[in-house]
Amino acid sequence: MALMTGQAYIESLRELELEVYFMGQKITRVTEEPMFQPHIHTAAMTYELANDPEYREIMTATSNLTGETVNRFTHIHQSIDDLVKKVRMMRLLGQKTGTCFQRCVGLDALNAIYVTTFDMDRDRGTDYHEKFKNFLAHVQSKDLMSAGAMTDPRGDRSLRPSKQNSPDAYLHIKERTNEGIIVSGAKAHITGAINSHEIVVLPTRAMGADDADYAVSFAVPVNTEGVKYIFSRQTNDTRRLDSPLDSGNPKYAIVGGEAVIVFKDVFVPWERVFMAGEHEYAGQIVETFAGYHRSNYGGCKVGLADVVIGASDWVADAHGVGRASHIVDKLTEMISMAETCWSCALACSYEGAKTPSGAYNINPMLANVTKLNITRMVYEWMRIAQDIAGGKIITLPSEMDLTQPELREVLNECFRGREGVDVDDIFKMLRLIENMSVGAGLPEAMHGAGSPAAQKIMIARRSGIEQKRALAETIARIRPDKYFEKIVGLPETDYWKNVAARIAEQHHG
Amino acid sequence: MSRPALVRIRFCGGCNPEIDRGETAQQVIPLLKGRMNTTFDPNLSADLTLHVCGCAHACLDEESPSADPEPVISIQGLRVNREPVEKQDLAKTAAKALQESCI
Ligand SMILES: Cc1cc2nc3c(=O)[nH]c(=O)nc-3n(C[C@H](O)[C@H](O)[C@H](O)COP(=O)(O)OP(=O)(O)OC[C@H]3O[C@@H](n4cnc5c(N)ncnc54)[C@H](O)[C@@H]3O)c2cc1C
């Protein structure tokens, strides 16, 4: 099948009948629901750009399974070049939508399962990898969107899955049959869940032997019996029902459109099961997924930064302060932070490595550093955007008032900028900055792909601190320094004895 | 009697290594004794090359075009030829891989 266009993707969702709830209502037609439409448009962009020759290099790849051209969001990275193109794709899509385009979680889940099932089969004689490749070939040939469902509700975070009061705190296997497994539980915060074709599930943490039933990975079509979705609320989300202007980014919204996915006695046939009890591999699959996912944030959020930097410059110019030195300085600061994060994303891709499966993985240390920077710098550049845009981003009256002729006149007067700038455009740009800097986008930068502590744990684990201590000890003259000895042509002890003698001579002689 | 194979040993830059590259190479050399000779001379033509890289990225393996016309065995941090290896087994595993690729 050829690559889907944006419209073909939306068409493909129409035939899926999901059980979706939002604000107490059951939503029968996902594609027609105005609350969901901007999120669907954003995901459609990932399809549309793959058809444009200008972006094809970045948006598509050659499948290692079939040799066919596939959307990069369904591709297993085969080289460093693939890893680099992946983050370029993330930045590009952030620039085109100004929001989360939802598909990276699924992409990372596919790659993490590919890498881990290979190792599992090699070590344990299972056949998960072959099954997974069959599933992947299906995803690639049909050009499907996969939601990546890792995060369990987790109840008491200090307890392992098997020690929780409720078994549903973590998604788990309830029963194994000859035909497959039956699972129950939930996955929370799942981006793009209601407008995907497949849900790809993986465990959320390392597991012990007692947790074997929670060490489960599989894929199900979104409309599988027993699966239901409860769509999340976001700051100012219902503005899109009454005013495109007030919603700020009415085309693509903000964040990805998350949902709680509830699994109630869901049957998964064995050919779609990729881990069922191999608890020793839960940690590997989680770490591999998290590494890929954290590397993305230095791409997508930098794409968003490009938009908000552009918007800030535009508003400053419209207000007649575009050339003020502190504005130029602040914009430069935003650019510098964004490009720092971009450098991290490129670095963890360029420093990636081939895994035994043949797929390439990012450099985990640098990927965690990337995401940790994002948890701080997004707040910082959004703070500057708010500074430049002014308090109007949260005090503007609504579009409904702007359409009243008698109010319009005075509002135009209140909010107009320098001569020659259309006040309607000022309203649009201020609302865009409000949308991007005030609402859900900030905690997404904090918690998406894991909270900062999760990154710090990974960084500390890979810090090579012993080696850094040895470096310091060598320079501090606690350890021998063979290069110093070569440079001075003496054993260090003799050299320092000579130095001491010289000093003594100077002092006393 | 055929001459022992010559192994050229090359090191990566070692910017953030998971292992002590020098020490690892020094552990491999005696394990090859009698069957293989080793050299650090980049200009000698060898039968095999051993890359000693500090981390999984293994930048020497990524060289394009490769500077090594002969077969390469690669230590990539705590891996040999992409397979994870315990630190204490690194030298032994690399030496075994070198011997096997000479057969
Ligand atoms: C917008 C958005 C989109 C997302 N999309 C997806 C998605 O598509 N798929 C998916 O699988 N997940 C997704 N996530 C989930 C994301 O990975 C989690 O939000 C993240 O892992 C943090 O979990 P939490 O939100 O439950 O916070 P919590 O776990 O409650 O964390 C709150 C605080 O508690 C700390 N904490 C948590 N556990 C422990 C512990 N055991 N010991 C000590 N401290 C602890 C954390 O470090 C943090 O400081 C998304 C999240 C967001 C915000």
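The structure displayed is predicted, hence computed values, not measured ones.

J.: Would you take a moment to explain the overall build of chain A for this structure?
T.: In terms of regular secondary structure, chain A is built from 20 helices and 14 strands. Seen through its principal axes, chain A has C-alpha atoms that stretch 95 × 75 × 50 Å. Put simply, chain A has 509 residues, and 55% of those count as buried. Restricting the contact set of chain A to residue pairs at least 6 apart, pairs at least 24 apart contribute 76%. Carbon and sulfur atoms make up 52% of the accessible area of chain A, which totals about 22000 Å². Charged side chains of chain A number 56 positive and 66 negative; the gap between the two group centres comes to 5 Å.

J.: Just checking my understanding: could you explain the sheet that holds strand β12 (residues 273-276) of chain A for this structure?
T.: Across a sheet, strands are paired by hydrogen bonds formed along the backbone, either parallel or antiparallel in direction. All names here are of chain A. Taken in spatial order, the 4 strands of this open sheet run β5-β8-β9-β12, and their pairing is mixed. The sheet terminates laterally at β5 (146-149) and β12, the two strands that pair on one side only. Across this sheet, the average inter-strand angle for adjacent strands is 20°, counted without regard to direction. Where strand β8 (residues 198-201) meets strand β9 (residues 216-221), 4 bridges bridge the pair, whose relative direction is antiparallel. What sits directly across from E198, in β9, is P221.

J.: I keep staring at the nonpolar core and nothing clicks. Help me out?
T.: Note on soluble globular proteins: their nonpolar side chains tend to be buried together. If you look at the biggest cluster of nonpolar residues, it comprises 145 residues, and the most contacted ones within it are A:I199, A:Y229, A:F263 and A:W381. With 17 residues, helix α9 (residues 282-318) of chain A is the single largest residue contributor to this core. When residues of this core are sorted by domain, at least three fall in each of domain 1 (6-282) and domain 2 (286-461) of chain A. The residues touching A:W381, leaving out its near neighbours within four places in the chain, are A:K301, A:A305, A:V308, A:M334, A:M337, A:A338, A:C341 and A:I374. If you look at the next biggest cluster of nonpolar residues, it comprises 21 residues, including B:A5, B:I19, B:M36 and B:A95.

J.: Could you clarify how one ought to interpret the interface of chain B and chain A in this entry?
T.: Facing the 9 residues of chain B at the interface are 13 residues of chain A. Connecting chain B to chain A are 1 salt bridge. Note that B:E83 is salt-bridged to A:R122, the shortest N-O span being 2.5 Å. Counted by class, the side of chain B that touches chain A contains 3 nonpolar, 2 polar and 4 charged residues.

J.: In this structure, what is going on with the environment of A:D210? I would like to understand it.
T.: Residue and element names in this part refer to chain A. Relative to the helices and strands, D210 is located in the loop between β8 and β9. Residue class for D210 comes out exposed when judged on its relative accessible area of 58%. On a C-alpha basis, the gap between D210 and G277 in space is 9.8 Å, while along the polypeptide they are 67 residues apart. For D210, the residues in contact, after removing those within four places along its chain, are S162 and K163. A polar side-chain atom of D210 sits 3.2 Å from a polar atom in the side chain of K163.

Cut-offs and rules
Residues numbered from 1 in each chain as written. Chains lettered and ligands numbered in written order. Predicted model: local features only at pLDDT ≥ 70, side-chain atom pairs only at ≥ 80, totals over all residues. Heavy atoms only, no water. Helix = DSSP H or I, 4+ residues; strand = E, 2+ residues; numbered from the N terminus. Buried < 20%, exposed > 50% of the residue type's maximum accessible area, 1.4 Å probe, protein only. Contact = heavy atoms within 4.5 Å. Areas by Shrake-Rupley, 256 points an atom, 1.4 Å probe, with all protein chains shown as cover. Lys, Arg positive; Asp, Glu negative; His and termini not counted. Charge placed at Lys NZ, Arg CZ, Asp CG, Glu CD. Pairing = 2+ DSSP bridges. Axes fitted to C-alpha atoms, helices over the stretch in contact; angles between N-to-C directions. Core = buried A, V, L, I, M, F, W, Y, C linked by side-chain atoms within 4.5 Å. Domains from an automatic or database assignment. Salt bridge = Lys/Arg side-chain N within 4 Å of Asp/Glu carboxyl O. Nonpolar A, V, L, I, M, F, W, Y, C, P; charged D, E, K, R; others polar. Polar contact = N/O pair within 3.5 Å; in protein donor to acceptor, adjacent residues only side chain to side chain.

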